[in-house]
Amino acid sequence: MYALILPASTPFALLATVMGLSWWEDLILPAPSAEPVNAPAEAPFAPAASAQLAELPLVDTALTREEAGR
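Below: a short report on this structure.

What counts and what doesn't
Residues numbered from 1 in each chain as written. Predicted model: local features only at pLDDT ≥ 70, side-chain atom pairs only at ≥ 80, totals over all residues. Heavy atoms only, no water. Helix = DSSP H or I, 4+ residues; strand = E, 2+ residues; numbered from the N terminus. Buried < 20%, exposed > 50% of the residue type's maximum accessible area, 1.4 Å probe, protein only. Areas by Shrake-Rupley, 256 points an atom, 1.4 Å probe, with all protein chains shown as cover. Expected span 1.5 Å × (residues − 1). Bend = angle between axes of the 7 residues up to and from the residue.

Some words on the overall build of the protein
Here is step 1: Secondary structure summary: the protein contains two helices and zero strands in total.
Here is step 2: Burial analysis of the protein (70 residues in total) assigns 0% to the buried set.
Here is step 3: Surface exposure of the protein reaches about 7,600 Å², of which carbon and sulfur atoms provide 68%.

Shown next, in the form of structure tokens:
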């Protein structure tokens, strides 16, 4: 009977361990301050280069050996 209880209770024991550690971490660690001390200014997002997509063949175009080899 114990051979069935141990594998079935393992996920619950792991969940209780993780929740206990999370509670302990919240209790021990100091609360984060409202503003970071040395926060760098955010750089504006600028893409390096615009992406060029290759032209796809039309759907009704039959594949030839040249096109299939690409």
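So, next bit.
Some details on helix α1 (residues 2-28)
The α-helix winds at 3.6 residues per turn, so residues separated by three or four positions along the chain end up facing the same way.
Here is step 1: With 27 residues, α1 extends 37 Å between its outermost C-alpha atoms, agreeing within 8% with the 39 Å of an ideal straight helix rising 1.5 Å per residue.
Here is step 2: Taking the largest bend as the criterion, α1 deviates by roughly 40°, centred on T10, and proline P11 comes between one and four positions later.
Here is step 3: Among the 27 residues of α1, zero are classified as buried, and the element is accordingly described as predominantly exposed.

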